Each structure stands twice: as C-alpha cells, then as structure tokens.
Amino acid sequence: MVKGNNEYLKFSKSQCGNKMTQMESRQVQIDMLDNLVEFCDKHGLRYFLSGGTLLGAIRHKGFIPWDDDIDINMPRPDCERLFNLTKGRIGKYVLTMPDDDGFARCCESFRLYNFDTVIESFVGGVARKHPVYHPIYIDIFPIEGLPQNNLILKLHYFKLLVCRKMLRVSALKHMEGSNILAHIFHLVTFVPAKIVGYRNWAHMLQKIAQKYHFDEEDYIGVMTAPVHTVEERVKKKDYLDIVSVEFEGKMYHAPGNYDTYLSQLYGDYMKMPPLEKQKSHHEFNMYWRKKL
C-alpha cells in the first residue's frame, strides 16, 4: 500500500453513488483486464484466465451468466515483477500486494482496484450485519511450485489451511460465525490468534505458500485461493503451453492443459449445473463511487 495516499481512506456507505447494472460492472472489469493484459504483453509477463473466468470462457465464451467477477493466475515471479514494474499503478488502476491494500483483510492475492467504483459486500455471518466497502477489483492469484508426492502435497495445503483460519480469526472484530461450528472455532482460537497477531499470521501464510519455488518444481498450482486445494495441482510444462480463448468477444491467454485444470476443479465442467445452483457465490451490490 502507498502510505499516506488519500485513495486508501476507508470506503463507506456514504461513497455509494448510483447503483451499477450488471452490464456496467462487467464492462468495468473487462477494461481493467484489458489494461492488465496490455501491460503483461508489453513486458513479457505470463497471465492466465482462471477459475470461473476460464470456465466461462470455455463454456460460454464470456462470463458465466450468474457470475460477477474476473480471476487471473500468474506465476509468482511474474506477480512480483508486475508489481515492481508498475510501482502499484496500471493506467488509472491501483495494484496491491497480498494483505497490503487497506481494504480487505485476509486478502492473499495481488489485486487490481478501480477507485471509481464501490462494492458493498455481504459475505455471510458477521458481514450480514456489518457490510464492508471497497472498490471493484480483479484478483491476481500467484501460481506456486508444488511437491509431486501426494502426502506431502496434502500436508502442505493443510498447513496453509490452518494458518488461513487463524489469520481470519485474528482479523475478527465481532465474535460471530456463519454457523455454529465457525462460532465455536472463533471462541476457542480467538485469544491465541490475537496473541500471535494478524501480521504474523499473514507473513506465515505467504511463507508457507512460497515454500516450493515456481521455477524449481515440475508441478504448480495456486495456494492462496480460498476455494480449492490439492485439485489445483497440474504439470507446469503443460500449463505454460499457452492457448488463446475467447472471453466477451476478445482473446485472452489460457493454460494449455485447461481441460485437465477445469476437470480437476469442476468435474464435468461443460455440463450446466442444476437451476438451484445457477447463482452467484458472492453477495454484494456494486455502485459508482460518489465523490465526497
């Protein structure tokens, strides 16, 4: 985060202007993506559509109809080079490092923010009563090296999972959980999590994620996306064999083994889910930012 930059003042409900349509919010994100891609192509940085964004490109040639965000994967060395080259700016957009954006605690990815917009986010549990406000962003998840041995791989992800849970507890301001088990876990771990401290947990999480260097391993995967774990692992050589895919009328980079990648994450990914599951995993409203 750029210390002393007024743009990093806390966002609030008072900054929510006109509500954005879905088309407007998607167009905003596509413009952010295009600025990022243009910079990456100019400087030889590797990027890949990932997760639901890649699934949308393959199955729908654009956004999944009920989806509302864009995700990118980049090799960890490229993420760090991106930040060093941009000094935290890509055009009018602001690039931040993991857990250094001044908005969202427990943010384990790099993020590209649009300060002309505001998200009012409700993510279950505490946030239903205490919504948080921040700009629209694109997540840029670092791709790490991963061990080949399955047992070591599971242990590697387990360590990160425990660290992530303690990180989230250390960030709590309200002793609530989205369900009874989460509430009990928060009560039991609250004191030790606070003693160690948020910054120490965040540092440990990044250290665990980077244990196996991207350039030194045959297998790779994202460790800091909160949804998937061991199913992220793929062969590096095949993943880096870039192919172009269509997304909202434009061509972007995808991993060469996207079929393997998507199958491991979603199973029969070309099959549409049942109607009751055709809904966003996020709860938020998007607004144009009101200039105060």
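This text follows the structure it describes.
What counts, and at which threshold
- Residues numbered from 1 in each chain as written.
- Predicted model: local features only at pLDDT ≥ 70, side-chain atom pairs only at ≥ 80, totals over all residues.
- Heavy atoms only, no water.
- Helix = DSSP H or I, 4+ residues; strand = E, 2+ residues; numbered from the N terminus.
- Buried < 20%, exposed > 50% of the residue type's maximum accessible area, 1.4 Å probe, protein only.
- Contact = heavy atoms within 4.5 Å.
- Areas by Shrake-Rupley, 256 points an atom, 1.4 Å probe, with all protein chains shown as cover.
- Axes fitted to C-alpha atoms, helices over the stretch in contact; angles between N-to-C directions.
- Parallel < 35°, antiparallel > 145°, perpendicular 65-115°, else oblique.
- Nonpolar A, V, L, I, M, F, W, Y, C, P; charged D, E, K, R; others polar.
- Lys, Arg positive; Asp, Glu negative; His and termini not counted.
- Salt bridge = Lys/Arg side-chain N within 4 Å of Asp/Glu carboxyl O.
- Core = buried A, V, L, I, M, F, W, Y, C linked by side-chain atoms within 4.5 Å.

**Let's talk about the overall build of the chain**
The helix and strand tally for the chain stands at nine helices and twelve strands. Counting all 292 residues of the chain, 49% fall into the buried class. Restricting to contacts in the chain with at least 6 residues of sequence separation, those with at least 24 account for 70%. With the model as given, the accessible surface of the chain reaches about 14,700 Å², and the carbon-plus-sulfur share is 56%.

**Regarding the packing of helix α1 (residues 22–43) against helix α3 (residues 76–86)**
Remark: α1 packs on α3, axes separated minimally by 12 Å, with the N-to-C direction vectors making an angle of 100°. Classified by the angle between their axes, α1 and α3 sit roughly perpendicular to one another. Between α1 and α3, the contacting residues are Leu36, Phe39 and His43 on the first element and Arg81, Leu82, Leu85 and Thr86 on the second. Its residues assigned to classes, the contact of α1 with α3 comprises four nonpolar, two polar and one charged.

**Quick notes on the side chain of Asp69**
Summarising the element assignment, Asp69 is placed in the loop between α2 (51–60) and β3 (71–75). The buried charged residue Asp69 lacks any salt bridge, with Arg111 as its nearest oppositely charged partner at 8.4 Å. In contact with Asp69, not counting residues within four places along its chain, are Gln29, Thr53, Phe63 and His282.

**Details of the nonpolar core**
Counting residues in hydrophobic clusters, the biggest one holds 52 residues, and the most contacted among them are Leu49, Ile72, Met74, Leu82 and Ile140. Ranked by residue count, the leading element in this core is α1, at eight residues. With near-sequence residues (within four places) excluded, Ile72 lies in contact with Leu33, Leu36, Tyr47, Phe48, Leu49, Ser50, Ile138, Asp139, Ile140 and Phe141.

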